[in-house]
Amino acid sequence: MRIKTKEFKILRYTYIMKIDIDHIANLAKLPLTQEQKDEFAPQLEKIVEFIEQLGELDTDNVEPTFQVTGKVNELREDKVVSFLTQEDVLSNAKSTDGDYITTEAVFKNH
Amino acid sequence: MAITSQQKQYLKTIKMYTIKEIIKGYNDKTLSSTDVFEHYLSQIEKLEPKLNSLITIREESAIMKSVNTDDKPIPVIHKDIFSTKGIETTAASNILKGYIAPYDATSVAKLKAKGFVTMAKSNLDAFAHGATGEHSDFGMTKNPYNLLHTPGGSSSGSAVAVAAGLSPLTTATDTGGSIRLPASYTNTVGIKPTYGRVSRFGIIAMTSSTDSIGHITKTVWDNAYILNITAGFDVNDATTARVDVPDYTQFVGKDINGLRVGIPDEYIKNLSPEIEQAFEESIKILEKKGVKIIRGIAMPHTKYGIKAYYIITPSEVSSNLARFDGIRFGHDRSHFGDEAKRRIMIGTFCLSSGYYDAYYLKAQKVRTLIIKDFKDAFTQVDALLAPVSPSLPPKLGKFANDPIKEYMMDVLTVPTNLAGVPALSIPAGFSKSGLPIGVQFISDHFNEGLLYQLGNALEQETQYYKIEPKLD
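Here the residue numbering is sequential within each chain, running from 1 through the sequence in written order. Chains carry letters from A onward and ligands carry numbers from 1 onward, assigned in written order. Residues qualify for local features only when their pLDDT is at least 70, as the model is predicted, and side-chain atom pairs are given and counted only at 80 or more; totals for whole chains, interfaces and linings, by contrast, use all residues. Side-chain figures throughout are based on the complete set of non-hydrogen atoms in the structure, without hydrogens or water.

Draft legend 1. Local environment of the overall build of chain A. A count of helical and extended segments in chain A gives three helices and four strands. Each helix is a run of H or I in the DSSP string that is no shorter than four residues. Each strand is a run of E no shorter than two, and both are numbered from the N terminus. Traced from its N-terminal end to its C-terminal end, chain A shows the element sequence β-β-α-α-α-β-β. The 110 residues of chain A split such that 27% are buried. By element, 50% of the accessible surface of chain A is carried by carbon and sulfur atoms, the whole surface being about 8,700 Å². For each residue, the accessible area found with a 1.4 Å probe, counting protein chains only, is set against the maximum for its type, and the residue is called buried under 20%, exposed over 50%, and partly exposed in between. Areas reported as accessible are Shrake-Rupley estimates using a 1.4 Å probe. Residue values count occlusion only from the protein chains shown.

Structure follows, in structure tokens:
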């Protein structure tokens, strides 16, 4: 496995990290403080070192298993069924407006 | 027939009932539903403050209202990862504090229909991420056999509630050992059914390809009785199996003479001495009852299981926890606890562009090899016997800053989750210091009956379930 690395600066020292925490936290929409990033960085590095030991196993001719009991295509009739009322569905939303859940604007300046 | 005062006196000395005893009591009319529920509610009031095994306890009036509408009501406590309509459901995370589930999980509904009344929601490692019960946002749960030690996790509260006699039944989930580990640490019986045997609908998802829905009880018969109710195809969970549900209680009490039980080599390395001793004693008991023990069953890919698991699980977790956007329900994503954040990040990393093949896809290939190990083993034996944990329940706080050491607690349980095969944790004794030890029977897909048959034989011989924690 070719591992991309990123330079990570703590004080005057540069560490080569396997995980680009800023990038990953952004992809996962996880708001992290700088303190949290500094705390998690070495823990995550250790975990990645641990799991990449899997690389020593030869799996070239092995098919992956995504679903253990081999079930495929469980379909049902295309019929409308009732499950929850609108009231139920909106009951835990922080902010609603009539039948809608409201949220922060995605587009600014429009 | 009214209960005599003499009978009432006898009832007060019984600290814990089994489900079987409650049903018998109702049929014989020696127990009333008020007796049963008042007993458990007072046990909760008395013991829960020492244990912190529960997150939400329903109002007594609400419980008794449900009790009075049923013929033979039996108490249940649900792991707080099960959606229970009208009752706060948090997954032990601040992100879902105040979330009131608008519907019941299928498992919850099935038990309700059979007269099981929800008393409370039990504590867990938040989002089921953990093996010690210390990762709850609502405080850690203590082991009733020694309050300084962990009860195991993630179904920490569920195991403790049964062990301490707060309920005869609790529901739980096992994704990497989360039923079997706490059951083995608390002298209780925990089933991890075959993947797809019990519906996952309404249960907050962790690892969609390994989550297995089970329960914890004091005895094997009780456990089998409950699986009869929860197992089966569910139209709301497409991964549930269209396989008939037998009467699992019929297997309890069946003779085990002539069955072949294998001991997998890789599971008996590096065991602490007292675990090894308890394990060997279990083997002796089975041999005495005519079981053919076959040692040296090779399962060469076992050691890769934990690494494959800690790629697959965080990957699927990062996807499943993406729904917590703080808009439709719950609070914003900064409310996740540390372990959830770690797993989301590892998972996002493993699935990200340039890394997917090397990590997630690779782990799913290793999974194929682990499944093959089990399939090969089951051509030689009917079932496997293995310890559940290589060590005794650790002290609280032991793995505080060492995620990998905590991950290693699952080393003997994750291979069964990766393969989707069922396993049953049975009490197997106690250490010199009084800490519980368990063993697990493992069988091929949909062969839970055999697990109950073997487990019951061990239980009848040892009667360990009668040893209650000293909490008064």
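Draft legend 2. Seen up close, the layout of surface pockets. Residues and elements named next belong to chain B. In this structure, the largest pocket occupies an estimated 560 Å³ of space. Cavity: a set of points on a 1 Å grid over the protein atoms alone where a 1.4 Å probe fits but cannot get out. Pocket: an open set with protein on both sides within 12 Å along at least five of seven lines, its lining residues, like those of a cavity, having an atom within 4 Å of a point. Surrounding the largest pocket, 25 residues form its lining, Ser 83, Tyr 99, Tyr 103, Arg 323 and Phe 329 being those nearest its centre. Note that Gly is not counted as nonpolar here; it falls among the polar residues with everything else outside the nonpolar set of Ala, Val, Leu, Ile, Met, Phe, Trp, Tyr, Cys and Pro and the charged set of Asp, Glu, Lys and Arg. In terms of residue class, the lining of the largest pocket is built from 14 nonpolar, six polar and five charged. Grid points are joined across faces, edges and corners, and a volume is the space filled by probe spheres set on the points.

Draft legend 3. Fine view of the confidence of the model for chain A. On average, residues of chain A carry a pLDDT of 84, and 84% of them reach 70 or more. Values of pLDDT, the confidence the predictor places in each residue, fall between 0 and 100. Contacts are residue-level and defined by heavy atoms, with any inter-residue pair within 4.5 Å sufficient. Long-range and interchain partners of residues 8–14 of chain A, a stretch whose pLDDT sits below 50, account for nine contacts in this model, where long-range means more than four residues apart.

Draft legend 4. Quick peek at the environment of Ile 19 of chain A. Residue and element names in this part refer to chain A. Turning to its location among the elements, Ile 19 is positioned in the loop between β2 (13–17) and α1 (21–27). Looking at Ile 19, the relative accessible area reads 5%, which means it is buried. For Ile 19 and Pro 42, which are 23 residues apart along the polypeptide, the C-alpha to C-alpha distance reads 9.8 Å.

Draft legend 5. How the structure looks around the packing of helix α3 (residues 33–51) of chain B against helix α4 (residues 60–68) of chain B. All names here are of chain B. Only the stretch in contact is used when a helix axis is fitted, and all axes are lines through C-alpha atoms; the angle between N-to-C directions ranges over 0 to 180 degrees. Between α3 and α4, the least distance of the axes is 11 Å, while the angle of their chain directions is 150°. Viewed along their axes, α3 and α4 adopt a mutual orientation that is roughly antiparallel. The hand of the α3/α4 crossing is right-handed. Of the residues in α4, those in contact with Ser 33, Thr 34, Phe 37 and Leu 41 of α3 are Glu 60, Ile 63, Met 64 and Val 67. The class makeup of the residues in the contact of α3 with α4 is five nonpolar, two polar and one charged. Just so you know how the angles are binned, under 35 degrees is roughly parallel, over 145 roughly antiparallel, 65 to 115 roughly perpendicular, and the rest oblique. The crossing is said to be left-handed when, going from far helix to near helix, the turn is anticlockwise and less than a right angle, and right-handed when the turn is clockwise.

Draft legend 6. Here's a closer look at a nonpolar patch on the surface. Together, Phe 66 of chain A together with Leu 351 and Tyr 356 of chain B give the surface a local cluster of nonpolar side chains, amounting to about 240 Å² of exposed area. Locating Tyr 356 of chain B in the fold gives a position in the loop between α11 (338–351) and α12 (357–380). Its relative accessible area of 30% is what places Tyr 356 of chain B among the partly exposed residues. Residues qualify for a patch when their relative accessible area is over 30% and they have no salt bridge, like charges being joined within 9 Å and the nonpolar side chains of Val, Leu, Ile, Met, Phe, Trp and Tyr within 5 Å. Whenever a carboxyl oxygen of Asp or Glu lies within 4 Å of a side-chain nitrogen of Lys or Arg, that contact is scored as a salt bridge.

Draft legend 7. Just a negative patch on the surface, in detail. A cluster of acidic residues, Glu 35, Asp 38 and Glu 39 of chain A together with Asp 338 of chain B, forms a negative patch at the surface. By residue number, the principal contributor to the negative patch is helix α2 (residues 34–51) of chain A, which donates three residues. Along the chain, the position of Asp 338 of chain B falls in helix α11. Under the relative-accessibility criterion, Asp 338 of chain B is labelled partly exposed at 35%. We treat Lys and Arg as the positive residues and Asp and Glu as the negative residues; His and chain ends play no part in the count. Charge placement uses NZ in Lys and CZ in Arg. For Asp and Glu, CG and CD serve respectively.

Draft legend 8. Representation of the interface of chain B and chain A within the structure. With 68 residues of chain B in contact, the opposing surface of chain A contributes 49 residues. For the pairing of chain B and chain A, the buried interface totals around 5,100 Å² over both sides, and the portion due to carbon and sulfur atoms is 70%. The residue Arg 242 of chain B makes a salt bridge to Glu 74 of chain A at a minimum N-O spacing of 2.8 Å. Polar contact criterion, stated in full: a pair of N or O atoms within 3.5 Å, where within protein one must be able to donate a hydrogen and the other to accept it, and residues adjacent in sequence count only if both atoms are side-chain atoms. At the surface where chain B touches chain A, the tally comes to 17 residue pairs in polar contact (both at pLDDT 80 or more). For the side of chain B that touches chain A, the secondary-structure elements that each account for two or more residues are α10 (302–320), α11, α12, α13 (403–407) and α14 (414–419) of chain B. Put simply, buried area is the surface a 1.4 Å probe can reach on two separate parts but cannot reach once they are joined, added for both.

Draft legend 9. Focus on the packing of α10 of chain B against α11 of chain B. Residues and elements named next belong to chain B. Across the interface, α10 lies against α11 with an axial gap of 7 Å and an inter-helix angle of 100°. In terms of axis orientation, α10 runs roughly perpendicular to α11. Note on element contacts: α11 touches α10 through Arg 343, Ile 344, Ile 346, Gly 347, Thr 348, Cys 350 and Leu 351, opposite Tyr 310, Ile 311, Thr 313, Pro 314, Ser 315, Val 317 and Ser 318. Considered class by class, the residues forming the contact of α10 with α11 number eight nonpolar, five polar and one charged.

Draft legend 10. Expanded view of the confidence of the model for chain B. Confidence along chain B averages 94 in pLDDT terms, with 97% of residues attaining 70 or more. Among the prediction metrics, the complex's ipTM stands at 0.85, with pTM recorded as 0.94.

Draft legend 11. Here's a closer look at the pattern of salt bridges. Applying the stated criterion to the full structure yields 19 salt bridges over all chains. Across the salt bridge formed by Asp 22 of chain A and Lys 37 of chain A, the nearest N and O atoms sit 2.7 Å from each other. Residue Asp 22 of chain A is found in helix α1, and its partner Lys 37 of chain A is found in helix α2; the two are separated by 15 residues along the sequence. Owing to a relative accessible area of 16%, Lys 37 of chain A belongs among the buried residues under this scheme. With a shortest N-O distance of 2.8 Å, Glu 461 of chain B and Lys 288 of chain B are connected by a salt bridge. Here Glu 461 of chain B is found in helix α15 (residues 448–462), whereas its partner Lys 288 of chain B is found in helix α9 (residues 273–288), with 173 residues between them in sequence. For Glu 461 of chain B, a relative accessible area of 33% puts it in the partly exposed group. A single network of salt bridges, built from pairs that share partners, joins Lys 71 and Glu 74 of chain A together with Arg 242 of chain B.

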